[in-house]
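Survey of secondary and tertiary structure
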Amino acid sequence: MPLGYNATWDYITGRAGRVRTDEVALLRALDILETSREARLAETTAFALRRTAEKRDRRTVSAAEHHYRHGWRWPGPDAHEAMHQTVQALWARHERLPFPEVPSVDKADLAVLDSVVAGCVWTYLRRGGSLHPDHRGILRNCLADLRAVRLGHPRSFHEAFTYFLRLHKMAELVAHDALPLVRRAWRGDAERIADVFLAARGQMTYLPRLHTDEETRAWIAGVVVARHEVWVAERHGRIAGFAALDGQWLEHLYVAPDAQGHGLGAALLSQAKKARPHLLDLHVFQRNTGARRFYERYGFTPMALGDGGGNEEHLPDAHYRWQAADEPRREPPSPKRPPPAA
């Protein structure tokens, strides 16, 4: 019941048809459920393997990942359709309700929270199931506030309890549909990271092909994942982007072509800044104008242009730097450079 009992039933029967009287519809409903269940089991198996390795290094699961793994979310290839339709159904009931009676001491804060979350959900629905870029950070913050709402036992403020539970559910479904989970990578992620790298680089038609796919996969597993601090972005249970850090350098940041435009790059870049809160350097190919605009939009400043002598592709690149506002300005490092980030 990944969407809750009633919502899961409504989604399956809405797609499959009259399951109580039509055998074909019943079999179709079972296929829908089994596909999602298989995806969930695959996720669970991969998570268990990763946690076994992480425990040796005393790594814990972040709060964000805990909510992602155990919250309202439909696993599988039809994840977007399931969560979008469920939010539509919940919103149709929710928007007709007046603001409920709540403790007077919390009324102003809860009214603001209600208004902001409702605005995010309404815009998501108006955009056909696409969260507005300006709402990504807002929704994350509101979810934390919704999880902190305490109205006592449901009997104390029954209508308010039900009202904010539904609001919380809609916000979480929108977040799990539209926002990525960013987490540390482990060696078991190497194959999927290589898939993302090869697909993203395949779109950069100006790059010379210097290595076979097999060589690239071996390098990802043996060098990038093994020796760098790597973060991955999951979307709908699947790794769709990654960032690799080495010291103060962001050496790589790639998002799979079919996942671009959904905030994964911004989420990975935000995590890189958290991991390196004072200074972050990177190189990008000069011809990659989209990536250059992206980095500039998020506060990176061009420091120098190179002739390509520092990268194996021998293509002109640009050095960019992000520096925290309270940090003293530093001179660019020596000409020896890692490969461009993108």
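Predicted model only: the values in this text are computed from it and were never measured.

Description of the side chain of Lys273
Counting through the fold element by element, Lys273 comes out in helix α10 (residues 264-275). Among residues more than four places away in sequence, those in contact with Lys273 are Leu280, Tyr298, Phe300 and Trp322.

Looking at the confidence of the model for the protein
Looking at the protein, pLDDT values average 93 and 94% of them are 70 or higher. Mean pLDDT in the protein bottoms out at helix α3 (residues 63-70), which sits at 93, and peaks at strand β4 (residues 249-255), which reaches 98.

Thoughts on the nonpolar core
Formed by 48 residues in total, the largest nonpolar core has its most connected members in Ile193, Phe242, Leu250, Leu253, Tyr295 and Phe300. The next biggest cluster of nonpolar side chains, apart from the first, holds 43 residues, and it includes Leu3, Ala79, Val149 and Ala175.

Overview of the packing of aromatic side chains
The description of an aromatic ring pair rests on the distance of the ring centres and on the angle between the ring planes. According to the stated counting rule, one finds 11 aromatic pairs in the structure shown. Geometrically, the ring pair formed by Phe242 and Tyr254 is tilted, given 5.9 Å between the ring centres and 35° between the ring planes. Residue Phe242 is found in strand β3 (residues 238-246), and its partner Tyr254 is found in strand β4; the two are separated by 12 residues along the sequence. An identical accessibility class is assigned to Phe242 and Tyr254; each is buried. Taken together through their ring pairs, the aromatic side chains of Phe197, Trp219, Phe242 and Tyr254 make up a single cluster. Directly above the aromatic system of Trp231 lies the positively charged group of Arg184, at a separation of 5.6 Å from the ring centroid.

Focus: the environment of Leu279
Assignment of secondary structure puts Leu279 in strand β5 (residues 279-285). It is 6.4 Å that separates the C-alpha atoms of Leu279 and Gln248, two residues lying 31 residues apart in sequence.

Structural notes on helix α2 (residues 23-56)
The first and last C-alpha atoms of α2 sit 50 Å apart over 34 residues, in line with the 50 Å expected at 1.5 Å per residue. Those residues of α2 not exposed but buried are Ala25, Ala29, Ile32, Ser36, Glu43, Arg50, Arg51, Ala53 and Glu54. In this structure, the buried side of α2 is in contact with α1 (5-16), α3 and β1 (181-184). One or two steps after α2, the chain reaches Arg58, where phi turns positive at roughly 60°.

Comments concerning a nonpolar patch on the surface
A contiguous nonpolar surface patch, about 260 Å² in accessible area, is contributed by Leu26, Leu27 and Leu30. Counting through the fold element by element, Leu30 comes out in helix α2.

Quick notes on the packing of α1 against helix α4 (residues 79-94)
Put simply, α1 and α4 touch, their axes get as near as 10 Å, and they point 115° apart. The orientation of α1 relative to α4 falls into the category roughly perpendicular. Handedness of the α1/α4 crossing: right-handed. Contact residues: α1 offers Ala7, Tyr11 and Arg15, while α4 offers Glu81, Ala82, Gln85 and Thr86. For the contact of α1 with α4, the per-class residue count stands at 3 nonpolar, 2 polar and 2 charged.

As for the pattern of salt bridges
According to the stated counting rule, one finds 20 salt bridges in the structure shown. Here Arg51 and Glu54 are joined by a salt bridge, their closest N and O atoms 2.7 Å apart. One end of the pair is Arg51 and the other is Glu54, both in helix α2 and 3 residues apart, which spans about a single turn. With relative accessibility at 12%, the residue Arg51 sits in the buried group. Owing to a relative accessible area of 5%, Glu54 belongs among the buried residues under this scheme. One salt-bridge network, in which partners are shared between bridges, spans Glu43, Arg50, Arg51, Glu54, Glu65, Arg69, Arg73, Arg183, Asp189 and Glu234.

Overview of the state of the cysteines
Two cysteines joined by a covalent bond between their sulfur atoms form a disulfide. Applying the stated criterion to the full structure yields 0 disulfides. Summary of cysteine pairing: Cys120 is not part of a disulfide, and the nearest cysteine sulfur, belonging to Cys142, is at 5.7 Å. The exposure class of Cys120 is buried, given its relative accessible area of 2%. What makes Cys142 buried here is its relative accessible area of 7%.

Rules and cut-offs
- Residues numbered from 1 in each chain as written.
- Predicted model: local features only at pLDDT ≥ 70, side-chain atom pairs only at ≥ 80, totals over all residues.
- Heavy atoms only, no water.
- Helix = DSSP H or I, 4+ residues; strand = E, 2+ residues; numbered from the N terminus.
- Contact = heavy atoms within 4.5 Å.
- pLDDT = per-residue confidence, 0-100.
- Core = buried A, V, L, I, M, F, W, Y, C linked by side-chain atoms within 4.5 Å.
- Buried < 20%, exposed > 50% of the residue type's maximum accessible area, 1.4 Å probe, protein only.
- Phe/Tyr/Trp six-rings, centres within 6.5 Å; stacked < 30°, edge-to-face > 60°.
- Lys NZ or Arg CZ within 6 Å of the ring centre and 35° of its normal.
- Expected span 1.5 Å × (residues − 1).
- Patch = residues over 30% accessible without salt bridge, like charges linked within 9 Å, V, L, I, M, F, W, Y side chains within 5 Å.
- Areas by Shrake-Rupley, 256 points an atom, 1.4 Å probe, with all protein chains shown as cover.
- Salt bridge = Lys/Arg side-chain N within 4 Å of Asp/Glu carboxyl O.
- Axes fitted to C-alpha atoms, helices over the stretch in contact; angles between N-to-C directions.
- Parallel < 35°, antiparallel > 145°, perpendicular 65-115°, else oblique.
- Left-handed = near helix turned anticlockwise from the far one by under 90°.
- Nonpolar A, V, L, I, M, F, W, Y, C, P; charged D, E, K, R; others polar.
- Disulfide = S-S within 2.5 Å.

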